[in-house]
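# Observations on chain architecture
Spelled out from the first residue to the last, the chains are:
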Number of protein chains: 2
Amino acid sequence: LVVGIGDDAAVVEPERNRLDVLSVDALVEGVHFDRRFTPPGAIGHRAIAVNLSDLAAMGATPRLALLSLALPPSLPLDDFDAIARGIVETASRHRLHVAGGNLTRSPGPLIVDVTVTGTVKRRQILTRSGARAGDEIYVSGSIGAALAGLQVLQSRLTASVNTEDTEDTEERNRTKGVSTRDAESCIARYLCPEPRVRLGTLLARNRAASACMDLSDGLAEGLRQIGEASGVGVTIDADAVPIDAVARAWFEAHGEDPLTTALAGGDDYELLLTVRPRLRGRLEQPHRHGGVPLTRIGVCTAGMSYLVRRRDQGHLTDKPLPSGFAHFR
Amino acid sequence: LVVGIGDDAAVVEPERNRLDVLSVDALVEGVHFDRRFTPPGAIGHRAIAVNLSDLAAMGATPRLALLSLALPPSLPLDDFDAIARGIVETASRHRLHVAGGNLTRSPGPLIVDVTVTGTVKRRQILTRSGARAGDEIYVSGSIGAALAGLQVLQSRLTASVNTEDTEDTEERNRTKGVSTRDAESCIARYLCPEPRVRLGTLLARNRAASACMDLSDGLAEGLRQIGEASGVGVTIDADAVPIDAVARAWFEAHGEDPLTTALAGGDDYELLLTVRPRLRGRLEQPHRHGGVPLTRIGVCTAGMSYLVRRRDQGHLTDKPLPSGFAHFR
C-alpha cells in the first residue's frame, strides 16, 4: 500500500504477472441480516466473508478491502466498534488489508458495503463458463446448515415475542427434533460462515476445476448459473447432495423436504465446481483441497435441462431442479 | 477487462509501470440528495462524479467502476433506468468502465455506492501531505455555486409547499437578488458537478502540485486537511477566494456572509492544490491545466494556524478560518 486511509484514495502497487480481481457485496439490515438476532461482530465478519467467498470462487488470493458504511444515528457506539472489530479480525485472518473506506449517516437501515480486490495468475482464473458435458459436479463441505440456523433464530424470536419463558423456547427446539447444542452449530454456520479462501486458491493452482462459483445464492441457483454460463445442463443425484445432518433433522421436523429446502437455501458459502473426469485424481488427495470435503453430486449434460435424479423404490426418476433462491426478495 | 459482469467478480489486467488508485463513495437518499428535487439521472451522474473527483485529486486516470445499488421497492422502473443511464453516460464520457456491481433491495433510502479504480505513475501521485511552508495555495474554478444551487432547490420546495402559484416562487427568487436564469446555473452546479479529471491528470504530469485534494467537503475543511496532512498552517486572502458571482448575490440576499458560507459549503468538486513558488510558472499556460481557471488564494505557513486575512478600511486583520462542512451531519 503506497497511500492508505486519510487521503482522497488508496494507492497500491499491482502484483507482477497477476491479474486483479474485484468484487463488491453489500449487507443491508432487514434484507441480509436482522439486527435483533445478529450480533454486531457477526455483521462485520459476514460483510467480509461474503466478499472473500467471491474471491475464492475466482481462485484469487485476497488483497485489499474498501469499506462503505451507512450508519443509523441510533446505532450504539459499542455496536459500531464490534462491527469494525468483526471486519478487521476476519480480514486480517485472510490477509486482506483494509485500505480505505467511507462513513456516512443512514436515515434507514445499517448498510455495510465492501469492495475487495485479489490477485490471480491468468491461467489459473476460475470462471463459471468452463464446464463441458461430461464434467463431474462437486460441492465443498455441506449445505443447508446456514438456512436451518437462520430459521432457528427466527423461530426463537417469534417464541420470545409470544412468551418470556426461555425454557419453553428450548423445549420447543428440542421437540422439533433438534437439540439446543445442534441448533447452535447451525446458527454458527449462518452467523459466521467460513469462506473457502484456501480451497479456492488450491483449486486455481492445481487446475482441477473447469468452472467454479460460490453458493451465496444457494445450490439450485448455482447449478443454473454454471449451466447457463457454460452452455450445459446438469443432472444431480438426490442422494449424493451433502445436506448437513442437523439441518436435515430440522427441516424434516418442520415438515419440509430436506433436499428441496437445502437446494433453495442461500447463505452457504461453499464452492460449487465442475471437473473433467480425467482430472478427478487431482481432488483425491486431501492436502490438494486443504482438507475440505468435496462431494461429487452429479454431472454436466449436453442438454440444457436441470434435473434431480431420485431413487424411488428401485426406480430412477428425473425431475426438474427446484427453483432456487429468489434474488431481490 | 478479462472477466466482466456475470461472474463472481471482475478480472482486469493491471497496467504496466503504474500504481492502482482505489476509492469508494456513497450517495444516500436523505443525506446526500433529496429525491424530491434531484432527478434520477443527476443521482447517477453525481454518484460517478464524486468518485471521479477523488481520482482527479490523486492525479489518476479513471479505469473501472463497481456499483452497489440498494433500491427501495417503491422506486419506479423509469427512475432506475434514468439512474443507470446517468451512471453509464458520465462513466463513459470519462473512459471509466463499469466492470460489475451488485443490486439489493433497500427497506429504507435509495443508496448508490460506487467504487472506482484508476492508475497513476508512482512519481506523479498527488497526495495531501506534500505541502511545505511557503507553498502557494490555488483553487480551481469557483466555489459556492453548488451550495447556492442546493439552497435555491430547498427554498423552492418550501415555497411550493406553501403556495401552488409558481409565479410567486419565481418572483421570490428574483426579489432575493438572483434571476431565475442565474439560479438555474447554480442548480446545475449542484446537480451536475463536473469532476476535474483532466486537470488532475495534467497536474500529475507537469508535477506542479506539492499537495492536492478535492473540495467535496468544502474549502475550509480542505485547507485544514491539507494543513494537517502536510504539517503546515495556511493563511487565505479573503478577497482572493473565487466565489461564484451568482452564489455571492444569493448569499448576500439571504443575509449570509458570502465568504464564510462559501468556505463552509460542500459539493464543490473543485481541486485545491499547493505549489512551490519556483514552479508557479507551470500553472501559467492555460493548456497546462486544460483551460480551467486556477486562482491563488493564499500561502502555507510554518505555524499550524488556519487564518483568513481580510482588508478592513486599509488594515489587514487575520481571523481564524471558519469551521467547515460538518462530517456525519
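Every value quoted in this text rests on a predicted model; they were computed, and no experiment measured them.

### Things to note about the pairing of strand β2 (residues 19-28) of chain B
If a strand is regular, its side chains alternate between the two faces of the sheet. Residue and element names in this part refer to chain B. Most of β2 sits inside the fold, with 10 of its 10 residues counted as buried. The two faces of β2 match: L19, V21, S23, D25 and L27 on one face and D20, L22, V24, A26 and V28 on the other face are all buried. Taken together, the 10 bridges between β2 and strand β5 (residues 111-120) define a ladder with antiparallel strand orientation. Bridging from a neighbouring strand, D20 pairs with T119 of β5.

### Focus: the packing of aromatic side chains
Applying the stated criterion to the full structure yields 0 aromatic pairs over all chains. Over the ring of Y190(A) we find R46(A), and its NZ or CZ is 4.6 Å from the ring centre.

### Considering the state of the cysteines
Residues and elements named next belong to chain A. Within this structure, the stated rule accounts for 0 disulfides over all chains. Cysteine C186 shares no disulfide, and the gap to the nearest cysteine sulfur, in C192, comes to 14 Å. For C186, a relative accessible area of 2% puts it in the buried group. Left unpaired, C212 is separated from the closest cysteine sulfur, that of C300, by 13 Å.

### Overview of the nonpolar core
Core analysis: the biggest nonpolar cluster contains 46 residues, and I137(B), L219(B), L223(B) and L272(B) have the highest contact counts within it. Per-element tally for this core: the top contributor is helix α3 (residues 145-162) of chain B, with 8 residues. Not counting the four nearest positions on each side in its chain, L219(B) is found in contact with I143(B), V241(B), L263(B), G265(B), L272(B) and I297(B). Of all hydrophobic cores here, the second largest spans 45 residues; its members include L153(A), L223(A), V232(A) and A238(A).

### What about the pattern of salt bridges?
Residue and element names in this part refer to chain A. In the structure shown here, the tally under the stated rule is 35 salt bridges over all chains. For E270, the salt bridge is made with R189, and the minimal N-O distance between the two is 3.5 Å. Here the residue E270 occupies a position in the loop between α9 (258-264) and β9 (271-275), and R189 occupies one in helix α5 (residues 180-191), the gap between them amounting to 81 residues. The class of R189 is partly exposed, set by a relative accessible area of 26%. Of the charged contacts, one joins D318 and R309 as a salt bridge, the two residues approaching to 2.8 Å between their closest N and O atoms. Residue D318 is classed as partly exposed on the basis of its relative accessible area of 36%.

### Brief notes about the sheet that holds strand β4 (residues 97-105) of chain A
If you trace the 5 strands from one edge of the open sheet to the other, you get β4(A)-β3(A)-β5(A)-β2(A)-β1(B), paired in mixed fashion. Every interior strand has two partners, whereas the edge strands, β4 of chain A together with β1 (10-12) of chain B, have only one. Within this sheet the neighbouring strands show an average axis-to-axis angle of 15°, counted without direction. Note that strand β3 (residues 61-71) of chain A and strand β5 (residues 111-120) of chain A share 9 bridges and pair antiparallel.

### Concerning unusual backbone geometry
Residues and elements named next belong to chain B. Positive phi, normally seen in glycine, also occurs at D267, with a value near 70°. As for its placement among the helices and strands, D267 is situated in the loop between α9 (258-264) and β9 (271-275). D267 sits in the buried class, given a relative accessible area of 16%. Phi angles above zero are rare outside glycine, and Q313 is one such case at about 50°. Position of Q313 relative to the elements: it lies in the loop between β11 (306-312) and β12 (315-320). Q313 gets classed as exposed once you look at its relative accessible area, which sits at 77%.

### Side note on the interface of chain B and chain A
Taken together, the contact pairs 57 residues of chain B with 57 residues of chain A. Of the charged contacts in the structure, one is a salt bridge between D7(A) and R128(B), with a shortest N-O distance of 3.7 Å. Elements with a contribution of two residues or more to the side of chain B that touches chain A: β1, β2, α1 (40-57), β3 (61-71), β4 (97-105), β5 and β7 (209-214) of chain B. Considering each element in turn, the side of chain B that touches chain A owes the most residues, 9 residues, to β2(B). Class assignment of the residues belonging to the side of chain B that touches chain A gives a composition of 29 nonpolar, 13 polar and 15 charged. Of the strand pairs in this sheet, strand β1 (residues 10-12) of chain A and β2(B) are connected by 3 bridges, and their pairing is antiparallel. Considered in β2(B), the bridge of V12(A) is made with D20(B).

Here is what the cut-offs are and how they apply
Going along each chain's sequence as written, the residues are numbered from 1 onward. Here the convention is simple: chains get letters from A, ligands get numbers from 1, in the order in which they are written. Note on the predicted model: pLDDT of at least 70 is required for a residue's local features to be given, and 80 or more for side-chain atom pairs to be given and counted; whole-chain, interface and lining totals, by contrast, use all residues. By convention in this description, side-chain values take in all heavy atoms of the structure and omit both hydrogens and water. For every residue, the accessible area (1.4 Å probe, protein chains only) is compared with the maximum for its type, and the residue is labelled buried under 20%, exposed over 50%, or partly exposed between those bounds. Helix and strand assignments come from DSSP, with helices taken as H or I runs of at least 4 residues and strands as E runs of at least 2, each series counted from the N terminus. Paired strands, as defined in this entry, are two strands with at least two bridges between them according to DSSP. Classification of ring pairs rests on two measures: the distance between centres of Phe, Tyr or Trp rings, Trp counted by its six-membered ring, which must be within 6.5 Å, and the angle between planes, read as stacked under 30 degrees, edge-to-face over 60 and tilted in between. In this scheme, the term charge over a ring applies when either NZ of a lysine or CZ of an arginine sits within 6 Å of the ring centre and within 35 degrees of the ring normal. The disulfide criterion is simple: two cysteine sulfur atoms within 2.5 Å. Side-chain atoms within 4.5 Å link the members of a nonpolar core, which is a set of buried Ala, Val, Leu, Ile, Met, Phe, Trp, Tyr and Cys residues. Whether two residues are in contact is decided by their heavy atoms: any pair within 4.5 Å suffices. Here, a salt bridge means any Lys or Arg side-chain nitrogen found within 4 Å of an Asp or Glu carboxyl oxygen. With axes taken as lines fitted to C-alpha atoms, and helix axes fitted only over the stretch in contact, angles between N-to-C directions fall between 0 and 180 degrees. Here the term charged refers only to Asp, Glu, Lys and Arg, the term nonpolar to Ala, Val, Leu, Ile, Met, Phe, Trp, Tyr, Cys and Pro, and the term polar to all other amino acids, Gly among them.

Fair warning: the whole summary comes from geometry, so function is off the table for now.
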